[in-house]
There are 6 protein chains.
Amino acid sequence: MVESVFGDVFSRPALDLKSREIATVAALAALGNAAPQLRLHINAALNVGCSRAGIAEIMIQMAAYAGFPAALNGVAAASEVFAARDGRESV
Amino acid sequence: MVESVFGDVFSRPALDLKSREIATVAALAALGNAAPQLRLHINAALNVGCSRAGIAEIMIQMAAYAGFPAALNGVAAASEVFAARDGRESV
Amino acid sequence: MVESVFGDVFSRPALDLKSREIATVAALAALGNAAPQLRLHINAALNVGCSRAGIAEIMIQMAAYAGFPAALNGVAAASEVFAARDGRESV
Amino acid sequence: MVESVFGDVFSRPALDLKSREIATVAALAALGNAAPQLRLHINAALNVGCSRAGIAEIMIQMAAYAGFPAALNGVAAASEVFAARDGRESV
Amino acid sequence: MVESVFGDVFSRPALDLKSREIATVAALAALGNAAPQLRLHINAALNVGCSRAGIAEIMIQMAAYAGFPAALNGVAAASEVFAARDGRESV
Amino acid sequence: MVESVFGDVFSRPALDLKSREIATVAALAALGNAAPQLRLHINAALNVGCSRAGIAEIMIQMAAYAGFPAALNGVAAASEVFAARDGRESV
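Residues numbered from 1 in each chain as written. Chains lettered and ligands numbered in written order. Predicted model: local features only at pLDDT ≥ 70, side-chain atom pairs only at ≥ 80, totals over all residues. Heavy atoms only, no water.

Concerning the overall build of chain A
Turning to step 1, where the next piece is worked out: Looking only at helices and strands, one finds five helices and zero strands in chain A.
Turning to step 2, where the next piece is worked out: Within chain A, buried positions represent 53% of all 91 residues.
Turning to step 3, where the next piece is worked out: Long-range pairs, those at least 24 residues apart, make up 53% of the contacts in chain A between residues at least 6 apart in sequence.
Turning to step 4, where the next piece is worked out: Accessible surface for chain A amounts to roughly 3700 Å². Of this, 59% is attributable to carbon and sulfur atoms. (Helix = DSSP H or I, 4+ residues; strand = E, 2+ residues; numbered from the N terminus. Buried < 20%, exposed > 50% of the residue type's maximum accessible area, 1.4 Å probe, protein only. Contact = heavy atoms within 4.5 Å. Areas by Shrake-Rupley, 256 points an atom, 1.4 Å probe, with all protein chains shown as cover.)

Quick look at the structure:
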């Protein structure tokens, strides 16, 4: 069921893939219940054209809507993803 | 403080305004604690170029990440906004 | 069971009643799932010596930890309580 | 932005620092999304005059408003902080 | 998509329908973001053999895991459903 | 207090023990704030007659009501419990 939902929904034309990933990253950061999936979708967002600064901005924006703890957890997840893509340790 | 946060954050160049509104609509729908602000940002997203179908897609995507109740509440908020913009009652 | 929990816990000496009400108001505002109980405990906090400005400060502080929507819902609840105590409509 | 929010808000006179820390500890325990920040604010509450028994009472009170899992996570965080301040392992 | 999920999942044999409705009522009461769907599933649980006292017990149990506010909201939803089935006003 | 709540509530006759454990597993999976207690109650549910397939069905059902991240975390918790009962590593 998971695959068909992802396959079906992510390829529908009314919302482009980059916007979908931005929506998913924002929701996962706000909910804060799925660090592995948040890292996966931060990677996916970067792969479809979102910049690292754009990811950081999503997390800063989440501070306003979901509070600093959620935003800081999102920043930590992004920091790990950026480090892994650079082949280095996250600071 | 609210104004300065919104003023500062929403005008930063690393994330365009349409992407910011998509992130905000997704997060508010996922959290489900602020129907008036969700309607406000659905309106804002429409004003900066997001289509109605795009808003609907965000809500469908939220079904996967935050569950059907959150998604259905988001669809109801969107339906009210669309109706208000058309000068008619929401169904 | 409700009465015994409230009776037992609220009268224990290690945390004074005003501090208990502040903790309760903060938690209910952050969780955002119980507007009637939030109003009840805002009233109780005022009755044991918390000022209206103090209640407002709790809500502002919640913006940082639970996001603006939670804080604004808390401000709305406080505004209703203040108005009811003054025998007037909330604005 | 984080610093200015903390600097501004924590020094406002309508709510004393001990009450602010109690509100923050209660909210972070109830939300349960930020163990490092919960430990930081338990330490801060102890530093401004809250007793260890008072911290424990906040967590017991959270059982009523946010459920036993949130309260038990809060007790675990407090236990780690108390042990660290005593220079010993948490049990 | 909603229909196919409900159709598919609710008819799978490894979990009987009454147990599914109990799980759904408990989860919706704990999450607290969907009063209409909570009422719908309380009705469904009653229709497949759960007693009114059983529904009340689920809500009491939720007090332990999700806090009193969530439990009291669940009791209110159950009270409305019971009243509607009796053709009378909820108290 | 914890013991008396568990002792009192779990032995009340209006809801059988298997149904109580199903409700508890569903709520803990939906809330997602207590992995150790979720594993404890998955074990308890298995001990009072719920099958492994039944536990898996609860988690699948949670995907609909609380989103895939909550469901996948629940599946991971169940997988660890099943492996521990078999005396092997979770995959």
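After that view of the structure, there is still more to cover.
Things to note about the relation of the copies chain E and chain F
Turning to step 1, where the next piece is worked out: For these two chains of identical sequence, chain E goes onto chain F by a turn of 180° and a shift of 0.0 Å along the axis, with RMSD 0.0 Å. Interpreted geometrically, this transformation is the action of a two-fold axis.
Turning to step 2, where the next piece is worked out: Comparing interface residues between copies, 97% of those in chain E also sit at the interface in chain F, which points to an isologous, same-surface contact. (Least-squares fit on C-alpha atoms with pLDDT ≥ 70 in both.)

What to know about the pattern of salt bridges
Turning to step 1, where the next piece is worked out: According to the stated counting rule, one finds 24 salt bridges over all chains in the structure shown.
Turning to step 2, where the next piece is worked out: A salt bridge links A:Glu80 to A:Arg39; the shortest N-O distance between them is 3.7 Å. Residue A:Glu80 is found in helix α5 (residues 68–85), and its partner A:Arg39 is found in helix α3 (residues 35–47); the two are separated by 41 residues along the sequence.
Turning to step 3, where the next piece is worked out: Residue A:Glu80 is classed as partly exposed on the basis of its relative accessible area, which comes to 38%.
Turning to step 4, where the next piece is worked out: Across the salt bridge formed by C:Glu57 and D:Arg20, the nearest N and O atoms sit 2.9 Å from each other. A residue pair is termed interchain when its members come from two chains, as with C:Glu57 in helix α4 (residues 52–66) and D:Arg20 in helix α2 (residues 17–31). (Salt bridge = Lys/Arg side-chain N within 4 Å of Asp/Glu carboxyl O.)

Describing helix α3 (residues 35–47) of chain B
Residue and element names in this part refer to chain B.
Turning to step 1, where the next piece is worked out: For α3, built from 13 residues, the straight-helix expectation of 18 Å at 1.5 Å per residue is met to within 8% by its first-to-last C-alpha distance of 18 Å.
Turning to step 2, where the next piece is worked out: For α3, every residue scored as buried is listed here: Gln37, Leu38, His41, Ile42, Ala44, Ala45 and Leu46.
Turning to step 3, where the next piece is worked out: Immediately downstream of α3, the backbone of glycine 49 shows phi near 110°, a positive value. (Expected span 1.5 Å × (residues − 1).)

What to know about the interface of chain E and chain F
Turning to step 1, where the next piece is worked out: Taken residue by residue, the interface counts 30 residues in chain E and 30 residues in chain F.
Turning to step 2, where the next piece is worked out: Buried area between chain E and chain F, summed over both chains or domains, comes out near 2500 Å², and the portion from carbon and sulfur atoms is 66%.
Turning to step 3, where the next piece is worked out: Broken down residue by residue, the surface that chain E buries against chain F is led by E:Glu57, E:Gln61 and E:Tyr65, which jointly contribute 28%.
Turning to step 4, where the next piece is worked out: Joining chain E to chain F, the criterion identifies two salt bridges.
Turning to step 5, where the next piece is worked out: Those elements giving two or more residues to the side of chain E that touches chain F turn out to be α1 (2–10), α2 (17–31) and α4 (52–66) of chain E.
Turning to step 6, where the next piece is worked out: When grouped by side-chain class, the residues that make up the side of chain E that touches chain F number 20 nonpolar, six polar and four charged. (Buried area = accessible area lost by both parts, 1.4 Å probe. Nonpolar A, V, L, I, M, F, W, Y, C, P; charged D, E, K, R; others polar.)

Brief notes about the environment of B:Leu15
Turning to step 1, where the next piece is worked out: In this fold, B:Leu15 is placed in the loop between α1 (2–10) and α2 (17–31).
Turning to step 2, where the next piece is worked out: Non-local contacts of B:Leu15, meaning those with residues more than four positions away in its chain, are made with A:Ile22, A:Gly54, A:Glu57, A:Ile58 and B:Arg20.

Considerations on the environment of B:Ala84
Residue and element names in this part refer to chain B.
Turning to step 1, where the next piece is worked out: Along the chain, the position of alanine 84 falls in helix α5 (residues 68–85).
Turning to step 2, where the next piece is worked out: The exposure class assigned to alanine 84 is exposed, which follows from its relative accessible area of 57%.
Turning to step 3, where the next piece is worked out: Taking the C-alpha atoms as reference points, alanine 84 and valine 25, 59 residues apart in sequence, are found 18 Å from one another.

Here's the deal with the state of the cysteines
Turning to step 1, where the next piece is worked out: As enumerated under the stated definition, the model contains zero disulfides over all chains in all.
Turning to step 2, where the next piece is worked out: Left without a disulfide partner, D:Cys50 is nearest to the cysteine sulfur of C:Cys50, which lies 15 Å away. (Disulfide = S-S within 2.5 Å.)

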